[in-house]
Amino acid sequence: MGKDLYENSSEAKALFEKANDILGFRISDIMFEGTAEELKQTKVTQPAIFLHSVVLATIAKDFNPDVVAGHSLGEFSALVANETLSFEDGLKLVSQRATAMQKACEQNPSTMAAILGLDDEVVEKVCDEINEVVVAANYNCPGQLVISGSNKGIEIACEKLKEAGARRALPLPVGGAFHSPLMEPAREELAEAIRNTTFSKPVCPIYQNVTAKPSADIETIKSNLIAQLTAPVRWTQSVQNMVGDGATAFVECGPGKVLQGLVRKIHREAEVSGVEV
């Protein structure tokens, strides 16, 4: 993961080595040579994705975005890309976020599930009717919504959503109910870290997960970033709003091409043409 970047760019190599120093362990060694199990460690996964994404944005030629956005964890790398956060501060916050989320998972055993083939409103209604913690967590694209909640709540919701016509209701191999009220302990812990971090005036707006709207005000960005851990990721709405505000091209900086696929599905559903992904 990222080894080619390290070997072919002195700028990328410097960022990897700086990350090793900040984290206190050689995350680059795990990314390049580690096992899948090592990469799945909480202290590794989120910083690794953040690092890979920021490196790609940093070394990209002619990378001068008019707006940025990131899906969940990606919001932190997006804030580095638009110069709201320094690389060092962004990495420290991501590391603290991962640790805080792990603690919350241990306090409240919970999980998530992907629901395919239903309108968002149907999924929301079913979740609202369940007498357990279960909420819409990731609005990924039309017909694909991830729910989050207690183990019992997700089990009940999957059954009811299948009865409601879901094409699939697939429990996910995750350690907790991210973007749900069960992440409140993590939100409180991360809030203090965010308040104590220096945020600079962004060079371009960021469409934030919580509101799906552009933000350029530092205090608004901080507030939305704190709320993100217990609020849903409104990716569908963010992409729709970016296109509505004039965005014509999307560039993904990160491991894989998941967001490109989601953006294409959002456009296809809305029958939007002339947008480059």
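Residues numbered from 1 in each chain as written. Predicted model: local features only at pLDDT ≥ 70, side-chain atom pairs only at ≥ 80, totals over all residues. Heavy atoms only, no water.

Asker: I tried to follow the side chain of Lys222 on my own but got confused; where do I start?
Answerer: Secondary-structure assignment places Lys222 in helix 11 (residues 218–227). Buried within the structure, Lys222 lacks any salt-bridge partner; its nearest side chain of opposite charge belongs to Glu219, at an N-O separation of 4.3 Å. With residues up to four places along the chain from it excluded, the contact list for Lys222 reads Ile194, Arg195, Thr197 and Phe199. (Helix = DSSP H or I, 4+ residues; strand = E, 2+ residues; numbered from the N terminus. Buried < 20%, exposed > 50% of the residue type's maximum accessible area, 1.4 Å probe, protein only. Lys, Arg positive; Asp, Glu negative; His and termini not counted. Salt bridge = Lys/Arg side-chain N within 4 Å of Asp/Glu carboxyl O. Contact = heavy atoms within 4.5 Å.)

Asker: Explain unusual backbone geometry here, please?
Answerer: Excluding glycine, residues mostly carry a negative phi; peptide bonds, for their part, are mostly trans. Although it is not a glycine, Ser72 sits at a positive phi angle of roughly 60°. Residue placement: Ser72 occurs in the loop between strand 1 (68–69) and helix 6 (74–81). The exposure class assigned to Ser72 is buried, which follows from its relative accessible area of 15%. In this structure, His179 takes a positive phi of about 55° despite not being glycine. In this fold, His179 is placed in the loop between strand 5 (168–171) and helix 10 (184–195). According to the relative accessible area criterion, His179 is buried, its value standing at 4%.

Asker: Any chance you could explain the side chain of Gln144 here in plain terms?
Answerer: Tracing the backbone through its elements, the reader meets Gln144 in strand 4 (residues 144–150). A distance of 3.1 Å separates the side chain of Gln144 from the side chain of Asn140, its partner in a polar contact. Ignoring any residue separated from it by four or fewer positions in sequence, one finds Gln144 in contact with Ile115, Leu116, Asn138, Tyr139, Leu262 and Lys265. (Polar contact = N/O pair within 3.5 Å; in protein donor to acceptor, adjacent residues only side chain to side chain.)

Asker: It is not clear to me how the nonpolar core should be interpreted in this structure. Could you clarify?
Answerer: Counting residues in hydrophobic clusters, the biggest one holds 51 residues, and the most contacted among them are Phe16, Ile27, Phe50, Leu51 and Phe87. A total of eight residues in this core trace back to one element, the largest contributor, which is helix 7 (residues 87–107). If sequence neighbours within four positions are ignored, Leu51 has contacts with Leu15, Phe16, Ala19, Ile27, Met31 and Phe87. Ranked by size, the runner-up nonpolar core spans 18 residues in total, among them Leu118, Val126, Leu145 and Ile154. (Core = buried A, V, L, I, M, F, W, Y, C linked by side-chain atoms within 4.5 Å.)

Asker: Looking at this structure, I do not really get helix 5 (residues 42–59). What am I missing?
Answerer: Side chains three or four residues apart in an α-helix point the same way, a direct result of the helix having 3.6 residues per turn. End to end, helix 5 covers 27 Å across 18 residues, agreeing with the expected 26 Å (1.5 Å per residue, within 8%). Residues of helix 5 that are buried include every one of Val44, Gln46, Pro47, Ala48, Phe50, Leu51, His52, Ser53, Val54, Val55 and Ala57, and no others. Looking at the buried residues of helix 5, the elements they touch are helix 1 (3–8), helix 2 (10–23), helix 3 (27–33), helix 4 (36–39), helix 6 and helix 7. (Expected span 1.5 Å × (residues − 1).)

Asker: Help me understand the packing of helix 7 against helix 10 in this model?
Answerer: Any two packed helices are characterised by the angle at which their axes cross and by the distance between the axes. Remark: helix 7 packs on helix 10, axes separated minimally by 8 Å, with the N-to-C direction vectors making an angle of 160°. Classified by the interaxial angle, the pair formed by helix 7 and helix 10 is roughly antiparallel. At the point where helix 7 passes helix 10, the crossing takes the right-handed sense. Listed contacts from helix 10 to Leu93, Gln96, Arg97, Ala100, Met101, Lys103, Ala104 and Gln107 of helix 7 are Pro185, Ala186, Glu189, Leu190, Ala193 and Ile194. (Axes fitted to C-alpha atoms, helices over the stretch in contact; angles between N-to-C directions. Parallel < 35°, antiparallel > 145°, perpendicular 65-115°, else oblique. Left-handed = near helix turned anticlockwise from the far one by under 90°.)

Asker: I tried to follow the sheet that holds strand 2 (residues 110–116) on my own but got confused; where do I start?
Answerer: The strands that make up a sheet are held in pairs by hydrogen bonds between backbone atoms, and each pair lies either parallel or antiparallel. Read across the sheet, four strands follow the order 3-4-2-5 without closing on themselves; strand pairing throughout is antiparallel. Each having just a single partner strand, strand 3 (134–141) and strand 5 make up the two edges of the open sheet. The sheet shows a mean angle of 25° between the axes of neighbouring strands, direction not considered. When strand 3 meets strand 4, the two strands line up antiparallel, connected through six bridges. Its bridge partner being in strand 4, Val134 is matched across the sheet by Gly149. On top of the sheet, helix 9 (residues 151–163) reaches strand 2, strand 3, strand 4 and strand 5; it is set at about 145° to strand 4, its chief contact. (Pairing = 2+ DSSP bridges.)

Asker: Mind showing me how you'd approach the pairing of strand 4 here?
Answerer: Walk down a regular strand and you will see the side chains alternate between the two sheet faces. The element strand 4 is largely enclosed, with a buried count of seven among its seven residues. Looking at chain direction, strand 2 and strand 4 are connected through seven bridges and run antiparallel. From the neighbouring strand, Met112 faces strand 4, where its bridge partner is Ser148. Linking strand 3 to strand 4, which pair antiparallel, is a turn of two residues; within it Gly143 sits at a positive phi near 85°.

Asker: What's the story with the pattern of salt bridges in this structure? I'm lost.
Answerer: Where charged atoms from two side chains of opposite charge approach closely, those side chains can pair. Counted according to the given criterion, the structure contains eight salt bridges. Between Glu88 and Lys18 there is a salt bridge; the shortest N-O distance is 3.0 Å. Within this pair, whereas Glu88 is found in helix 7, its partner Lys18 is found in helix 2, the two being separated by 70 residues in sequence. What makes Glu88 partly exposed here is its relative accessible area of 27%. A salt bridge links Lys162 to Glu159, with the shortest nitrogen-to-oxygen separation between them at 4.0 Å. With a gap of three residues between them, Lys162 and Glu159 both fall in helix 9, about one helical turn apart. One salt-bridge network, in which partners are shared between bridges, spans Glu17, Arg26 and Asp29.

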